[in-house]
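# Coordinate analysis (summary)
Residues per chain, in single letters:
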Amino acid sequence: MGQNQTKLTSSDFKELVGGTKFSKNEVSFWFEKFKKEFPKGKISKYEFLVIYSKFFPSGDGTEFTDHIFRTYDLDQNGFIDFREFLVTISIAQRGTPEEKLKWAFRLYDLDGNGSLTRTEIKTVLTSIYRARKQPNPESKAELSTNEFFGALDRDKNGELSEEEFVNGIDSCPSLKELLQGY
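For clarity, every value in this text was computed on a predicted model and none was experimentally measured.

Further remarks concern the environment of Val50. Turning to its location among the elements, Val50 is positioned in helix α3 (residues 45-52). As a C-alpha pair, Val50 and Thr62 span 12 residues in sequence and 9.3 Å in three-dimensional space.

Structure follows, in structure tokens:
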């Protein structure tokens, strides 16, 4: 599906029905809604920022919104097309807890190398705390990062694998609570 997709081919439609947890009617509904809101068939980073920043009216959600945009923009071309949009919405609305945790892992994996460093986690947490307008976001993020690594870094190698992150979530109630809203 190209980045300027304003029509849904039969093969794209079948791929989306098979690759998401939406029915044929739901895929059609989402596509019509997407086309109406985004007639060019894609969402720019700026458009996404304008929409998503409404979730953080009192804080600065710019940096956090950049991280969210990156997880939607699967091909990293600077736009969210309908396929990328629907796949992410499918996970958010109907994904299993494991699928949602894997999505959250991608949110924190800033360099996309498949492991999380303290710096990556602290960077994303700082952006979350700023978006929520919490006092001292950097020091709060540092404390939370230390707590998360203490609970999740089973092999003590200074990085979190996706497996450690997904399987260790129950051993870190504060991270589980933080992820509830995303």
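Moving on, there is more to tell.
A word on helix α8 (residues 137-152). Between its first and last C-alpha, α8 extends 22 Å over 16 residues, near the 22 Å set by a 1.5 Å rise per residue. Structurally, α8 contributes buried residues whose contacts are with β3 (115-116), α7 (118-131), β4 (160-161), α9 (162-168) and α10 (173-179).

Turning next to the pattern of salt bridges. Tallied over the full model, the rule gives eight salt bridges. The partner of Glu63 in a salt bridge is Arg130, and the shortest N-O contact between them spans 3.0 Å. Separated by 67 residues along the polypeptide, Glu63 in helix α4 (residues 62-72) and Arg130 in helix α7 bring together distant segments of the chain. One salt-bridge network, held together by shared partners, links Glu63, Arg130 and Glu138.

Bringing the packing of aromatic side chains into the picture now. Two aromatic rings, taken as a pair, are described by how far apart their centres are and by the angle between their planes. As enumerated under the stated definition, the model contains 15 aromatic pairs in all. Look at Phe48 and Tyr52: their rings are 5.3 Å apart centre to centre, the planes differ by 15°, and that puts the pair in the stacked class. In this pair, Phe48 and Tyr52 are both assigned in helix α3, four residues apart and thus about one turn of the helix distant. Each member of the pair, Phe48 as well as Tyr52, carries the same accessibility label: buried. Here the aromatic rings of Phe56 and Phe64 are separated by 5.8 Å at their centres, their planes lie at 80°, and the arrangement is edge-to-face. Across the pair, Phe64 and Phe56 agree in class, each one buried. Looking at Lys42, its charged tip hangs above the ring of Phe79, at a distance of 4.0 Å from the centre. A cation over an aromatic ring shows up here: Arg118 above the ring of Phe149, its NZ or CZ 4.5 Å from the ring centre.

Cut-offs used in this document
- Residues numbered from 1 in each chain as written.
- Predicted model: local features only at pLDDT ≥ 70, side-chain atom pairs only at ≥ 80, totals over all residues.
- Heavy atoms only, no water.
- Helix = DSSP H or I, 4+ residues; strand = E, 2+ residues; numbered from the N terminus.
- Expected span 1.5 Å × (residues − 1).
- Contact = heavy atoms within 4.5 Å.
- Salt bridge = Lys/Arg side-chain N within 4 Å of Asp/Glu carboxyl O.
- Phe/Tyr/Trp six-rings, centres within 6.5 Å; stacked < 30°, edge-to-face > 60°.
- Buried < 20%, exposed > 50% of the residue type's maximum accessible area, 1.4 Å probe, protein only.
- Lys NZ or Arg CZ within 6 Å of the ring centre and 35° of its normal.

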